Amino acid sequence: MRTGIGRTSSGTIFTYVAFLDSGTFGIMRMREADLTGARFEGATLRRVDLSGAWLHHAQMSDCDLRGSDISAVDPMNVELNGALIDVDQAVVVATALGIDVRPE
């Protein structure tokens, strides 16, 4: 894993996390963490609290997210191609895409 903190020319502080090998995270609290640009490709994030996390441009392709709180994930700004999610999370993602999900 590689992490870093930087500052843009305008003074904005940013952080990044790069998981170079597949990592496994379980039952963790990452609530309101700044994970902007984080690269979680192929990682396992089971039952991780990501509520309120900043995930702009995060890479979560082929990531196992089952059981995690992904309410902060904007599928238009986070790469989710091939991610593994559960049924409840599918509703969260669909709703974030503006899809009206209802029972029959």
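Anything mentioned here points back to the structure above.
What comes next is a walk through the structure. If you're wondering where the values come from, they're calculated on a predicted model, not measured in any experiment. (Residues numbered from 1 in each chain as written. Predicted model: local features only at pLDDT ≥ 70, side-chain atom pairs only at ≥ 80, totals over all residues. Heavy atoms only, no water.)

Overview of the nonpolar core
Put simply, the rule reads: What is meant by a nonpolar core is a set of buried Ala, Val, Leu, Ile, Met, Phe, Trp, Tyr and Cys residues, joined one to another through side-chain atoms within 4.5 Å. To sort residues, take the accessible area from a 1.4 Å probe on protein chains only and compare it with the maximum for the residue type: under 20% means buried, over 50% means exposed, and anything in between is partly exposed. Contacts are assigned to residue pairs with any non-hydrogen atoms lying within 4.5 Å of each other.
Counting residues in each nonpolar core, the largest one holds 19 residues, and the members touching the most others are L35, F40, L45, L50, L55, M60 and C63. Leaving out residues up to four positions away in the same chain, M60 has contacts with F40, L50, L55, L65, V78, E79, L80 and A83.

Overview of a nonpolar patch on the surface
We count it as follows: Patch building starts from residues that exceed 30% relative accessible area and form no salt bridge, then joins like charges within 9 Å and nonpolar side chains (Val, Leu, Ile, Met, Phe, Trp, Tyr) within 5 Å. Computed with the Shrake-Rupley method and a 1.4 Å probe, the accessible areas treat only the protein chains shown as cover for residues. Only one rule defines a salt bridge in this text: a Lys or Arg side-chain nitrogen within 4 Å of an Asp or Glu carboxyl oxygen. Numbered from the N terminus, helices here are DSSP runs of H or I no shorter than four residues, and strands are runs of E no shorter than two.
Judged by side-chain polarity, M76, V91, L97, I99 and V101 come together as a nonpolar surface patch covering roughly 460 Å² of accessible area. Examined against the element boundaries, V101 turns out to sit in the segment after α1 (87–96).

What about the pattern of salt bridges?
Side-chain pairing between opposite charges can occur once the charged atoms of the two side chains come close. All chains considered together, the criterion is met by five salt bridges. Of the charged contacts, one joins R31 and D49 as a salt bridge, the two residues approaching to 3.0 Å between their closest N and O atoms. Of this pair, R31 sits in the loop between β3 (24–26) and β4 (44–46) while D49 sits in the loop between β4 and α1, and the two are 18 residues apart along the sequence. Take D49: its relative accessible area is 16%, and that puts it in the buried class. Here R66 ties to D64 by a salt bridge, and the two come within 2.7 Å at their closest N and O atoms.

With respect to unusual backbone geometry
The residue E32 is not glycine, and still its phi comes out positive at about 60°. Counting through the fold element by element, E32 comes out in the loop between β3 and β4. Under the relative-accessibility criterion, E32 is labelled exposed at 61%. Of note in the backbone geometry, R47 takes a positive phi value of approximately 55° without being a glycine. Its location among the elements puts R47 in the loop between β4 and α1. Under the relative-accessibility criterion, R47 is labelled exposed at 52%.

It is worth stressing that arrangement in space is one thing and function is another; only the former is reported here.
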